[in-house]
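Notes for the structure review
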Amino acid sequence: FSFRTNNMANKEPFNKIIAQGVMNKPVRVWPLVLVGGGLMTLLAATQAIFTVNGGHCAVVFNKITGTRKDVYGEGTKLKIPFVEFPIFFDIRAKPTNIRSPTGSKDLQMINVSLRILSRPNPQALPVIYRTLGEDYSERVLPSIVNEVSKAVVAQYTASELLKRRDIISSEIKTALTNRARDFHIVIDEVNLTDLGFGKEFRAAVEAKKVAQQDAERAKFLVDRARQDKRSAIIKALGEAKSIQLLGEAIESNPNFLRLRRLEAIREIADTLASSKNRVMLDSSNLMFDSLAEEISDISTTTTTSPSASVYRSLYDALSSEYTEIDDDLVGSN
């Protein structure tokens, strides 16, 4: 776009005139220099400091001289901008779970699970960074834990591993601490969390338990048979003794049988009297004929007999019993 002016005979475009006027004016660059310098100073200031958080340490890598030997603790620190860079390490104890398959002394395959609390040695962080890197635990712990656990577990049988877990855990911790010291790693705690046995060992343990239970059951059966035998002998001896005493009683006093017969008659009479049913029986079924015979035999006993007083008393007792039994039966009917 252009236009013509009245005082310009050569009729030059207006934009060309404006461009020539701008080129003829002096340009002031110092404000730009001040703004750029301020920005560069602010950037350098931010790059010259770094902060180490709690529970961490830092080492500084210099692009010219390499890793510095100084270890920086918590707080704000200084460094050379654009030349040095901080590398941070967590020096707090970190748990690591490692499962190591190994063999026992009796050639049983066992999976040993360990939980390890480890941390780096703060004074050796430059060496750790230079030789192992920031992932030092992943590089070192799995290999040395497998090595130590296999060496310790191989000294015990499978049954001893179950009984001596605390001793085995202590030995693994001692050996692992000595081995990790070569890599500047501190082992705070080692716990034996799990022992996994193979299928063959579990089957053998179950078979052993079944055999022990069978043996205990057989032992119980033998003891019970002995007790049954002993009780049978005692029972037989008791019955023999009872028969012997019964025979002696019958032999010494014939009235013993009469007393037994009277007791049987009384028991029958009590049963019939307490029953709600009405039963019509003759005297033979109730053994009253036997009772009458006993009473008549006693009544005919001579008074001149040496035991006449004894028979007389027995006669009176049987007579009274007979009267009571007869009254009970009459009352019940």
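An account of the accompanying structure is given in this report.

Thresholds applied
Residues numbered from 1 in each chain as written. Predicted model: local features only at pLDDT ≥ 70, side-chain atom pairs only at ≥ 80, totals over all residues. Heavy atoms only, no water. Pairing = 2+ DSSP bridges. Helix = DSSP H or I, 4+ residues; strand = E, 2+ residues; numbered from the N terminus. Axes fitted to C-alpha atoms, helices over the stretch in contact; angles between N-to-C directions. Phe/Tyr/Trp six-rings, centres within 6.5 Å; stacked < 30°, edge-to-face > 60°. Lys NZ or Arg CZ within 6 Å of the ring centre and 35° of its normal. Salt bridge = Lys/Arg side-chain N within 4 Å of Asp/Glu carboxyl O. Buried < 20%, exposed > 50% of the residue type's maximum accessible area, 1.4 Å probe, protein only. Contact = heavy atoms within 4.5 Å. Parallel < 35°, antiparallel > 145°, perpendicular 65-115°, else oblique. Left-handed = near helix turned anticlockwise from the far one by under 90°. Nonpolar A, V, L, I, M, F, W, Y, C, P; charged D, E, K, R; others polar.

Here we take up the sheet that holds strand β7 (residues 109-120). Spatial strand order, β6-β7-β8: three strands in an open sheet with antiparallel pairing. Edge positions in the open sheet fall to β6 (94-103) and β8 (185-197), since each of these has one partner strand only. Looking at each pair of strands side by side, their axes are set apart by 25° on average, direction ignored. Direction of pairing for β6 relative to β7: antiparallel, over a ladder of ten bridges. In the strand pairing of β7, threonine 96 is matched with isoleucine 116.

Let's shift gears to the packing of aromatic side chains. Scanning all chains against the criterion turns up three aromatic pairs. Judged by centre distance (6.3 Å) and plane angle (80°), the ring pair of phenylalanine 89 and tyrosine 129 falls under edge-to-face. Placement of the pair is phenylalanine 89 in strand β5 (residues 84-90) and tyrosine 129 in helix α3 (residues 125-131), with a sequence separation of 40 residues. Lying over the aromatic face of phenylalanine 85, lysine 79 brings its terminal NZ or CZ to 5.9 Å of the ring centre.

The next subject is the sheet that holds strand β2 (residues 56-62). On the basis of which strands lie adjacent, the open sheet formed by three strands has the order β3-β2-β5 and antiparallel pairing. The two strands at the open ends of the sheet, each matched to only one other strand, are β3 (66-72) and β5. Mean inter-strand twist for the sheet, computed between neighbouring axes without regard to direction, equals 25°. Note that β2 and β5 share seven bridges and pair antiparallel. Bridging from a neighbouring strand, cysteine 57 pairs with phenylalanine 89 of β5.

To continue, consider the pattern of salt bridges. Two side chains that carry opposite charge are able to pair once their charged atoms sit near each other. According to the stated counting rule, one finds ten salt bridges in the structure shown. Here arginine 92 makes a salt bridge to aspartate 90, at a shortest N to O gap of 3.0 Å. We classify aspartate 90 as partly exposed; its relative accessible area is 34%. A salt bridge links aspartate 194 to arginine 99; its shortest N-O distance comes to 3.7 Å. Taken as a pair, aspartate 194 in strand β8 and arginine 99 in strand β6 lie far apart in primary sequence, 95 residues in all. Because the salt bridges share partners, they merge into one network encompassing Arg68, Asp70 and Glu84.

Attention shifts here to the side chain of serine 104. Topologically, serine 104 is positioned in the loop between β6 and β7. Ignoring anything within four residues of it in the chain, the contact list for serine 104 reads Ile110, Val153, Ala154, Tyr156, Thr157, Ala158 and Leu161.

Structurally, leucine 107 is set in the loop between β6 and β7. Between the C-alpha atom of leucine 107 and that of threonine 157, which follows or precedes it by 50 residues, the distance is 8.0 Å.

Between helix α4 (residues 136-153) and helix α6 (residues 165-180), the shortest axis-to-axis distance is 9 Å and the interhelical angle comes to 140°. Classified by the angle between their axes, α4 and α6 sit oblique to one another. Classified by chirality, the crossing of α6 by α4 is right-handed. The residues of α6 that touch α4, namely those facing Ile144, Val145, Glu147, Val148 and Val152, are Ile168, Glu171, Ile172, Ala175, Leu176, Arg179 and Ala180. Per-class residue counts for the contact of α4 with α6 are nine nonpolar, no polar and three charged.

As far as function goes, none of this settles anything; it's purely spatial.
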